[in-house]
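Here's the letter readout for the chains.
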2 protein chains.
Amino acid sequence: MANEFDLIHRYFSPLAGPEGLGLGDDAACLRVEPGFDLIVTKDMLVEGVHFFGDDPASSIAHKSLVASLSDLAAKGAMPKHYFLGLSLPSDVSDEWLAEFSDALAKLQDQSGIRLAGGDTTRSLSGVTVSITAMGTVPEGRMLRRSSAQVGDLVFVTGALGDAALGLKCLEEEIEPDECLIARYRYPEARTALGIELASFANACADISDGLLADLGHITAASGVGADVNLAEIPRSPTVRELLALAPELESCIYSGGDDYELVFTADQSKQDDIESLCASLGVPLAAIGCVTEKAGVRLVDQNGKLVHTGRSGFQHFET
Amino acid sequence: MANEFDLIHRYFSPLAGPEGLGLGDDAACLRVEPGFDLIVTKDMLVEGVHFFGDDPASSIAHKSLVASLSDLAAKGAMPKHYFLGLSLPSDVSDEWLAEFSDALAKLQDQSGIRLAGGDTTRSLSGVTVSITAMGTVPEGRMLRRSSAQVGDLVFVTGALGDAALGLKCLEEEIEPDECLIARYRYPEARTALGIELASFANACADISDGLLADLGHITAASGVGADVNLAEIPRSPTVRELLALAPELESCIYSGGDDYELVFTADQSKQDDIESLCASLGVPLAAIGCVTEKAGVRLVDQNGKLVHTGRSGFQHFET
């Protein structure tokens with residue numbers, strides 16, 4: 001394989017904007033427009049933990065960048081720049097690198113984010129991807145986790161559980177389904193909606209650890225609680241069919257991660273505006289519950305009975 | 001060990017500035033002062049490649065952050081924020097984490113940089129540290145690699161070779177020497193000088209890959225070359241003694257990495273000012289050569305004879 005500088009020149013310099021100085025220097029020089037805050041998020045994805053070694057390079061690249069774009073969407077930020085740290089085994093092939101960088105290029109075109117810098121190193125085993133992504137919001141307008149209000153409605157975009165069930169397909173726990181696998185491998189970030197939501201939502205998070213876990217981050221940070229109606233959690237037709245046959249998989253829709261949908265809370269008076277906004281952007285929307293005074297997130301069935309959820313989201317280093 | 005959120009709360013939240021939102025959100029919110037550019041650099045350090053698994057946790061933390069501080073110094077930037085990506089084996093101990101975070105705290109106090117966010121994940125083997133660091137420079141004043149001028153003098157700070165020889169001690173290639181090992185494990189970034197140099201230097205880089213390699217990055221980016229006098233390259237007393245006994249190790253002073261000194265070029269008319277500046281900051285300075293029209297970096301001995309240097313710096317993925 002090429003040496004480090006050739007590799008950067010061949011695969012990554014074409015992805016860089018002018019602020020990245022062609023990736024020929026040790027740093028990037030960014031100018032933030034006056035009147036804007038810079039929102040910064042960092043994610044680290046490790047082979048064997050966040051993805052499989054034999055996942056397509058395009059999926060590894062796509063998921064890594066979408067995880068960051070989704071964090072920016074949850075903050076209401078317009079994607080701007082990202083920095084890519086890549087630790088690669090010495091036998092990585094040109095084909096792998098070409099597929100990886102092509103997937104980044106495609107997502108750059110869709111989202112408007114541009115590569116501004118990074119670091120490429122050897123690893124002793126497996127691939128590690130670290131992305132630091134930046135976006136901008138008008139000063140003081142970042143969407144937070146910590147401002148949910150008692151009485152707010154809880155909304156969620158898209159449909160949940162597809163990615164977690166896609167992972168189960170790859171782990172051969174269930175019959176393979178191309179739609180589910182594609183949702184796991186090539187998720188989308190709700191960028192356009194996130195930017196607009198800053199005007200309507202009180203608190204927002206993206207669903208990477210699972211609905212209950214990520215809503216739990218909002219309620220904990222806001223000093224409130226939430227009731228969620230199980231029946232209202234949106235499911236894709238594929239998931240609906242699958243759960244009809246295998247109801248024991250239902251926890252995937254509230255505990256499964258990697259869907260990268262948004263969960264947010266907003267005052268009831270904003271519901272019409274939010275529904276119009278989502279309709280105009282073609283984003284499915286569901287009101288799934290409400291914010292309560294009582295701490296914690298409670299999942300209830302159609303009869304108002306508490307559903308036992310067990311483990312509610314993905315954590316590293318569990319005791 | 002604690003779970004991911006406890007771990008962040010216990011070891012890393014105390015390091016965070018207000019812009020990091022206590023590390024309780026998925027992103028940080030930064031405001032760049034009007035009239036300043038934001039300089040961003042990213043480094044990735046991998047166990048077995050950049051450090052040894054049995055290196056002290058304090059050294060791994062220190063070297064990781066200094067690598068970034070040194071990049072900022074080479075750009076003339078005032079250190080502000082950093083984001084820490086940490087991939088850890090599941091058996092990492094509380095003692096290791098305490099030592100690691102203490103070392104970061106100490107370096108934060110010395111440099112003024114603050115933790116603003118990050119990501120902590122499990123690894124299947126070994127530690128990977130990824131740091132994205134940010135500093136500010138007055139608009140348009142970033143020091144670059146690409147503006148060296150023919151006729152400039154080439155300067156270098158401190159003394160070179162200590163870190164590379166410290167590494168040889170740890171690899172048991174030479175007799176252990178505590179001074180050299182300490183220079184390898186706990187290097188310093190030339191932060192204060194870098195900030196001031198923006199007024200005097202034409203081009204600058206930090207020496208992480210080796211003097212000839214990093215000066216080579218400057219000359220290549222500037223479309224010039226350089227002649228370096230071997231005898232002028234500054235050596236510490238320890239290195240001087242060692243080379244008197246083992247002259248075959250001399251290449252460490254021009255090809256050895258990890259010293260994190262600065263190499264820069266400046267017009268001859270600035271020499272007095274630069275010498276005064278370095279004296280006032282207590283930074284040793286040496287003029288080691290000059291910038292030429294002819295491309296490439298040439299190392300010459302006292303008689304003007306070209307020194308054969310062989311491999312000139314550290315690269316990943318060499319062919």
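Residues numbered from 1 in each chain as written. Chains lettered and ligands numbered in written order. Predicted model: local features only at pLDDT ≥ 70, side-chain atom pairs only at ≥ 80, totals over all residues. Heavy atoms only, no water.

## Notes on the overall build of chain A
Along its length, chain A carries ten helices and eleven strands. Here chain A has a C-alpha radius of gyration of 20 Å; the compact-globule value for 319 residues is 20 Å, and the two agree. Seen through its principal axes, chain A has C-alpha atoms that stretch 65 × 50 × 40 Å. Within the span of chain A, comprising 319 residues, buried residues form 59% of the whole. For chain A, the accessible area works out to roughly 12500 Å², and carbon and sulfur atoms hold 48% of it. Positive and negative side-chain charges in chain A, numbering 23 and 48 respectively, have mean positions lying 5 Å apart. (Helix = DSSP H or I, 4+ residues; strand = E, 2+ residues; numbered from the N terminus. Rg over C-alpha atoms; globule rule 2.2 N^0.38 Å. Buried < 20%, exposed > 50% of the residue type's maximum accessible area, 1.4 Å probe, protein only. Areas by Shrake-Rupley, 256 points an atom, 1.4 Å probe, with all protein chains shown as cover. Lys, Arg positive; Asp, Glu negative; His and termini not counted. Charge placed at Lys NZ, Arg CZ, Asp CG, Glu CD.)

## Thoughts on the relation of the copies chain A and chain B
The pair of chain copies shares a relation made of a rotation about an axis and a shift along it. Relative to chain B, chain A is turned by 180 degrees and slid 0.0 Å along the rotation axis, the superposed coordinates differing by an RMSD of 0.0 Å. Those values place the two copies in the arrangement expected of a two-fold rotation axis. (Least-squares fit on C-alpha atoms with pLDDT ≥ 70 in both.)

## Looking at the interface of chain A and chain B
Facing 65 residues of chain A, the contacting portion of chain B comprises 65 residues. Remark: the boundary between chain A and chain B carries four salt bridges. Residue E139(B) pairs with R31(A) through a salt bridge whose shortest N-O separation is 3.6 Å. If you look at where chain A meets chain B, you find 15 residue pairs in polar contact (both at pLDDT 80 or more). Counting residues per element, the ones that place at least two in the side of chain A that touches chain B are helix 1 (4-12), strand 1 (28-30), strand 2 (36-46), strand 3 (78-88), strand 4 (114-122) and strand 5 (128-138) of chain A. (Contact = heavy atoms within 4.5 Å. Salt bridge = Lys/Arg side-chain N within 4 Å of Asp/Glu carboxyl O. Polar contact = N/O pair within 3.5 Å; in protein donor to acceptor, adjacent residues only side chain to side chain.)

## Some thoughts on the pairing of strand 6 (residues 153-157) of chain B
Residue and element names in this part refer to chain B. Of all five residues in strand 6, five are buried, a share of seventy percent or more. Burial along strand 6 is two-sided: L153, F155 and T157 facing one way and V154 and V156 facing the other are all buried. Where strand 6 and strand 9 (residues 262-266) come together, four bridges link them in antiparallel fashion. Note that in strand 9 the partner of F155 across the bridge is F264. Of the strand pairs in this sheet, strand 6 and strand 10 (residues 285-292) are connected by five bridges, and their pairing is antiparallel. Looking at the pairing, F155 lines up with A287 of strand 10. (Pairing = 2+ DSSP bridges.)

## Points about the packing of helix 4 (residues 162-170) of chain A against helix 5 (residues 178-185) of chain A
How two helices pack is summed up by the angle between their axes together with the distance between the axes. All names here are of chain A. Orientation of helix 4 relative to helix 5, taken along the N-to-C sense of each, is 110 degrees, at an axis distance of 7 Å. Relative to helix 5, the element helix 4 is oriented roughly perpendicular. In contact with D162, A163, L165, G166, L167, C169 and L170 of helix 4, helix 5 contributes L180, I181, R183, Y184 and R185. Taken together, the residues of the contact of helix 4 with helix 5 sort by class into eight nonpolar, one polar and three charged. (Axes fitted to C-alpha atoms, helices over the stretch in contact; angles between N-to-C directions. Parallel < 35°, antiparallel > 145°, perpendicular 65-115°, else oblique. Nonpolar A, V, L, I, M, F, W, Y, C, P; charged D, E, K, R; others polar.)

## Quick notes on the environment of K75(B)
Within the secondary structure, K75(B) sits in the loop between helix 2 (57-74) and strand 3 (78-88). A C-alpha to C-alpha distance of 19 Å links K75(B) and G223(B), two positions 148 residues apart in sequence.

## Describing the sheet that holds strand 11 (residues 296-300) of chain B
Residue and element names in this part refer to chain B. Spatial strand order, 7-9-6-10-8-11: six strands in an open sheet with mixed pairing. Across the chains shown, the open sheet's two edge strands, defined by having one partner strand only, are strand 7 (203-206) and strand 11. Each strand of the sheet is rotated relative to its neighbour by a mean of 25 degrees, with strand direction disregarded. Where strand 7 meets strand 9, four bridges bridge the pair, whose relative direction is antiparallel. By the bridge assignment for strand 9, A203 is matched with T265. Across the sheet, helix 10 (residues 271-281) touches strand 6, strand 9 and strand 10, and the angle it forms with strand 10 is around 150 degrees.

## Remarks on the sheet that holds strand 5 of chain A
Backbone hydrogen bonds are what pair the strands of a sheet, in a parallel or an antiparallel way. Across the sheet, which stays open at both edges, the five strands sit in the order 4(A)-3(A)-5(A)-2(A)-1(B) with mixed pairing between neighbours. The two strands at the open ends of the sheet, each matched to only one other strand, are strand 4 of chain A together with strand 1 (28-30) of chain B. On average, adjacent strands in this sheet sit at an angle of 20 degrees to one another, irrespective of strand direction. Bridge count for strand 3 of chain A against strand 5 of chain A is nine bridges, and the pairing is antiparallel. Residue P79(A) lies in a different strand from strand 5 of chain A, and its bridge partner there is G135(A). Each of strand 2, strand 3 and strand 5 of chain A touches helix 2 (residues 57-74) of chain A; the most contacted strand, strand 5 of chain A, lies at about 30 degrees to it. Its contacts with the sheet place helix 3 (residues 94-111) of chain A against strand 3, strand 4 and strand 5 of chain A, and it is angled at close to 170 degrees to strand 3 of chain A.

## Things to note about the confidence of the model for chain A
In low-pLDDT segments, the atomic positions of the prediction should not be examined closely. Of all residues in chain A, 93% have pLDDT values of 70 or greater, and the mean over the chain is 90. Among the prediction metrics, the complex's ipTM stands at 0.86, with pTM recorded as 0.89. (pLDDT = per-residue confidence, 0-100.)

## A few points about the packing of aromatic side chains
All names here are of chain A. All told, the structure shown has four aromatic pairs over all chains when counted by the stated rule. Their ring planes at 15 degrees and their centres at 5.0 Å tell us that W96 and F100 sit as a pair that is stacked. One end of the pair is W96 and the other is F100, both in helix 3 and four residues apart, which spans about a single turn. Pair check on accessibility: W96 and F100 agree, each one buried. (Phe/Tyr/Trp six-rings, centres within 6.5 Å; stacked < 30°, edge-to-face > 60°.)

## Re helix 10 of chain B
All names here are of chain B. Among all positions of helix 10, only I274, L277 and C278 are buried. Down the axis of helix 10, the buried side of the element spans an arc of 95 degrees, and every buried residue falls inside it. Those residues of helix 10 that are exposed and angled more than 90 degrees off the buried face are D272, A279 and S280. Where helix 10 is buried, its residues touch strand 6, helix 6 (191-197), strand 9 and strand 10. (Arc of directions from axis to C-beta.)

## A short note on unusual backbone geometry
The phi dihedral of D258(A) falls on the positive side, at around 70 degrees, and the residue is not glycine. Counting through the fold element by element, D258(A) comes out in the loop between helix 9 (252-255) and strand 9 (262-266). Positive phi, normally seen in glycine, also occurs at Y260(B), with a value near 55 degrees. Tracing the chain through its elements places Y260(B) in the loop between helix 9 (252-255) and strand 9.

## Some thoughts on the pairing of strand 8 (residues 225-229) of chain A
Residues and elements named next belong to chain A. Taken together, the four bridges between strand 8 and strand 10 (residues 285-292) define a ladder with antiparallel strand orientation. The residue of strand 10 that forms the bridge with G225 is T292. Alignment of strand 8 against strand 11 (residues 296-300), held across five bridges, turns out to be parallel. Note that in strand 11 the partner of D227 across the bridge is R298.

## Some details on the environment of A231(B)
The topology assignment puts A231(B) in the loop between strand 8 (225-229) and helix 8 (237-245). Each C-alpha atom, one on A231(B) and one on I131(B), is 36 Å from the other, the two residues being 100 residues apart in sequence.

## Some thoughts on the environment of G210(B)
Residue and element names in this part refer to chain B. In this structure, G210 sits in the loop between strand 7 and helix 7 (211-222). On the accessibility criterion, G210 (0% relative accessible area) is buried. Spatially, the C-alpha atom of G210 lies 8.2 Å from that of C252, the residues being 42 residues apart in sequence. With near-sequence residues (within four places) excluded, G210 lies in contact with Y254, S255, G256 and G257.

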